[in-house]
Amino acid sequence: MDRGAVRMKVYLCAISNISSGVCAEDCKFCSQSTKYKADIPRYKYKPIEQIVEEAKKAKAAKAIGFCLVTAGKGIDDKILEFVCEAAKAVKKEVDISLIGCNGTASVEQLKELKNAGIDNYNHNLESAKSFYPHICSTHTWEERYQTCLNTKEAGLSLCTGGIFGMGESEEQREEFIDQIASLKPMSVPVNFYHPNPALPLPQKVMEKEKALEIVKKVRAKLPEAMVMVAGGRELVFGEEWPAILEAGANAIVIGDYLTTKGERPDKDLQTLQNLGYEIATSCHE
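Figured I'd write up the structure that's included with this text.

About the criteria used
- Residues numbered from 1 in each chain as written.
- Predicted model: local features only at pLDDT ≥ 70, side-chain atom pairs only at ≥ 80, totals over all residues.
- Heavy atoms only, no water.
- Helix = DSSP H or I, 4+ residues; strand = E, 2+ residues; numbered from the N terminus.
- Buried < 20%, exposed > 50% of the residue type's maximum accessible area, 1.4 Å probe, protein only.
- Contact = heavy atoms within 4.5 Å.
- Phe/Tyr/Trp six-rings, centres within 6.5 Å; stacked < 30°, edge-to-face > 60°.
- Patch = residues over 30% accessible without salt bridge, like charges linked within 9 Å, V, L, I, M, F, W, Y side chains within 5 Å.
- Areas by Shrake-Rupley, 256 points an atom, 1.4 Å probe, with all protein chains shown as cover.
- Salt bridge = Lys/Arg side-chain N within 4 Å of Asp/Glu carboxyl O.
- Lys, Arg positive; Asp, Glu negative; His and termini not counted.
- Charge placed at Lys NZ, Arg CZ, Asp CG, Glu CD.
- Pairing = 2+ DSSP bridges.
- Expected span 1.5 Å × (residues − 1).

## Side note on the side chain of Thr151
Then comes step 1: For Thr151, the location among the structural elements is in helix α4 (residues 141–153).
Then comes step 2: Look at Thr151 and you get buried, because its relative accessible area is 0%.
Then comes step 3: Residues contacting Thr151, with those up to four places away along its chain left out, are Leu110, Tyr121, Leu156, Ser157 and Leu158.

## Focus: the packing of aromatic side chains
Then comes step 1: Evaluation of the coordinates by the stated rule reveals five aromatic pairs.
Then comes step 2: Note on Phe164 and Phe176: the rings are 5.1 Å apart at their centroids and 40° apart in plane angle, and the pair reads as tilted. Here the residue Phe164 occupies a position in strand β6 (residues 162–164), and Phe176 occupies one in helix α5 (residues 170–181), the gap between them amounting to twelve residues.
Then comes step 3: On the basis of relative accessibility, which here comes to 2%, the residue Phe176 falls in the buried class.
Then comes step 4: Seen in terms of ring centroids, Phe164 and Phe192 are 6.5 Å apart; in terms of plane orientation they differ by 40°. Their pairing is tilted. With a gap of 28 residues between them, Phe164 in strand β6 and Phe192 in strand β7 (residues 187–192) connect regions that are remote in the sequence.

## So, a negative patch on the surface
Then comes step 1: A surface patch of negative charge is lined by Glu49, Asp76, Asp77, Glu81, Glu85 and Glu112.
Then comes step 2: On the basis of relative accessible area, Glu49 is assigned to the exposed category, the value being 59%.

## What to know about the pairing of strand β1 (residues 9–19)
Then comes step 1: A large share of β1 lies buried, amounting to nine of its eleven residues.
Then comes step 2: Alignment of β1 against strand β10 (residues 278–279), held across two bridges, turns out to be parallel. Looking at the pairing, Lys9 lines up with Glu278 of β10.

## Overview of the pattern of salt bridges
Then comes step 1: Evaluation of the coordinates by the stated rule reveals 18 salt bridges.
Then comes step 2: Note that Lys56 and Glu93 form a salt bridge whose closest N and O atoms lie 2.9 Å from each other. Taken together, the residues span a long stretch of sequence, with Lys56 in helix α1 (residues 48–60) and Glu93 in helix α2 (residues 77–93) at a distance of 37 residues.
Then comes step 3: Among the ionic pairs, Asp178 bridges to Lys221, the shortest N-O distance being 2.8 Å. Here the residue Asp178 occupies a position in helix α5, and Lys221 occupies one in helix α6 (residues 208–221), the gap between them amounting to 43 residues.
Then comes step 4: When its relative accessible area of 44% is taken as the criterion, Lys221 is described as partly exposed.
Then comes step 5: Overlapping salt bridges, with partners in common, bring together Glu168, Glu170, Arg173 and Lys210 in one network.

## Some points on α4
Then comes step 1: Between its first and last C-alpha atoms α4 spans 19 Å; for 13 residues at 1.5 Å apiece the expected length is 18 Å, and the two agree.
Then comes step 2: In this structure, the buried residues of α4 make contact with α3 (107–116), β4 (120–122), β5 (157–159) and α5.
Then comes step 3: Remark: Gly155 follows α4 within two positions and exhibits a positive phi of approximately 90°.

The values are spatial; any link to function lies outside them.
Laid out in structure tokens, this is it:
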């Protein structure tokens, strides 16, 4: 990957929340859990036509990846059918790399997604193994790790990362980064916790300098990976977000996130162009 100081290529990704707020798990960081009754949109299935239109907009905004995200612990038959239908519909009309993000999954389910047009699968570890029991009791960290292994066995490219700033220790952050690195993922989404008054985690935003140190550590441990700063970018860094690129990130999520607003894609594009960065046109550049 060309990571030269001036002409480094930056990869853009967009996400679509195609099934929102209908998760029965108790992850303390997630407003989509029905347990915490956060004030967010909740719907079982987004219309396929709307998903295709969002993919077209993502492509027009120079995104090379479009992520189909469903709320819930993992894939069941109905979700599998829905995601496959959405993937086929998008691929029919839009030349874009598709990422599935649909929870825990078996090798067989992941192969079905691949056959439907999914190119990559995103399943975040979310935190260090030692910290995970503090943020979730309804499933194990090991289930998450196994899904990441299943992704690779199914022949899909793996995207895995998680959330920093949930109350973990510095040692647990180091542990977490090592555990991500052990999977040798293609892409690492680095999220910073976005406080929500409905959630039982500390209502605290990570300091910018601390966040930049985390980006640097992720890049040092995963020199060949796509390091993507995703949720919390605007909240933590504000207008100074390009500092993440100097710290080692080479990808961002554009547009809105699952339940929080993001920056306008055209504004992010203008910032990148003003600073002399190239926008990647393929995942494999």
